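# Reading the structure
Chain by chain, the residues:
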Amino acid sequence: MGRGTLMPRESGTLSIRIVNDIATVPAADWDACAGDNPFVRHAFLAALEASGSAQPETGWAPHHLVVEGAGGAVRAAAPMYLKSHSYGEYVFDHGWAQAYERAGGQYYPKLLIAAPFTPVTGPRLLVPPGEGAEAIEQALAAGAIEVARRFEVSSLHINFVAEAVTQRLTAHGFLVRTGEQFHWVNGGYADFDDFLTALASRKCKIIRRERRAALDDGVSVEILSGSAIAERHWDAFFRFYMDTGGRKWGRPYLNRAFFSMLGAGMADRIVLVLARRSGEYIAGAL
């Protein structure tokens, strides 16, 4: 699909195009639309593509949408992929795929607007705030639907969308799929001990005992961010990632190159927690 006018504006038109390589979009233009959420920022998505983690060969063919105004100014964007499977989405629609194919249809490929491998609610239709933002969002949604029609795919999905956006998308005929997650929220606790005081005495004692037992085994914890994260730290973390993924899911999605690129592109947005015993790293969290 090339450029196509979606809606008229007083000072010109909005046009939409598909981008198969996010590196061709200036990072500043994309991030001006994406805002502060790290999982839809240019550096994160570019690392996924450049490392080969999100490419057609892995079933994630980039088909990002970019809305432009007069003079080619980027007004909105959406990270979109043509998917040949449903892995890495953390939304399990395999039952839908099987039912669709039993009825004689072909479920794959499908179109997906999402942050790959990231089950975190956040912006998906990326529109900077300001006058006309909702109209541009509606144009972006309509454009995505038009792409789905032209590609003749079975369906268009937008995963982990904020509730307010979900309500607006129903006007375009989207069906709402409801999931459930459990989040811990810091209720103003000054530190971990402060949090423990809010628990029942029995739970508090159990947690304190478990934490003492872990540290008594000679375990220390390092918290790293920014330039303090070196390749040796990524080497250690990647070993844990592969081990955990291999035991739980069978096929980890991200490769080693991705983490180096992530560190190079957005180290200031990363907190890497590593546990060490007898000088050797034994566990980590990102």
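Right above here is the structure, for reference.
Because the structure is predicted, anything quoted here is derived from the model rather than measured.

### Let's talk about the pairing of strand E5 (residues 74-78)
If a strand is regular, its side chains alternate between the two faces of the sheet. With 4 bridges connecting them, strand E4 (residues 64-68) and E5 associate as antiparallel partners. Of the residues in E5, the one forming a bridge with Glu68 is Val74. The antiparallel hairpin formed by E4 and E5 contains 5 residues in its connecting segment, where Gly71 sits at a positive phi of about 75°.

### Side note on the environment of Ala283
Within the secondary structure layout, Ala283 lies in strand E11 (residues 280-285). Here Ala283 falls in the partly exposed class, since its relative accessible area comes to 34%. Along the backbone, Ala283 and Arg256 are 27 residues apart, and their C-alpha atoms lie at a distance of 16 Å. Apart from residues lying up to four places away in sequence, Ala283 is in contact with Phe240, Val273, Leu274 and Ala275.

### Here's the deal with the pattern of salt bridges
Inspection of the entire model under this criterion finds 14 salt bridges. We note a salt bridge from Glu68 to Arg17, for which the minimum N-O separation is 2.9 Å. Linking Glu68 in strand E4 with Arg17 in strand E2 (residues 12-19), this pair joins segments that are 51 residues apart in sequence. Look at Arg17 and you get partly exposed, because its relative accessible area is 24%.

### Examining the nonpolar core
Residues Trp30, Leu48, Phe258 and Phe259 are the most contacted members of the largest nonpolar core, which totals 39 residues. Contributions of two or more residues to this core are made by helix H1 (27-34), helix H2 (42-50), helix H8 (231-248), helix H9 (256-266) and strand E10 (271-277). When residues of this core are assigned to their parent elements, the largest contribution, 6 residues, is made by H8. Not counting the four nearest positions on each side in its chain, Phe258 is found in contact with Phe44, Ala47, Leu48, Ser51 and Ser53.

Rules behind the numbers
- Residues numbered from 1 in each chain as written.
- Predicted model: local features only at pLDDT ≥ 70, side-chain atom pairs only at ≥ 80, totals over all residues.
- Heavy atoms only, no water.
- Pairing = 2+ DSSP bridges.
- Helix = DSSP H or I, 4+ residues; strand = E, 2+ residues; numbered from the N terminus.
- Buried < 20%, exposed > 50% of the residue type's maximum accessible area, 1.4 Å probe, protein only.
- Contact = heavy atoms within 4.5 Å.
- Salt bridge = Lys/Arg side-chain N within 4 Å of Asp/Glu carboxyl O.
- Core = buried A, V, L, I, M, F, W, Y, C linked by side-chain atoms within 4.5 Å.

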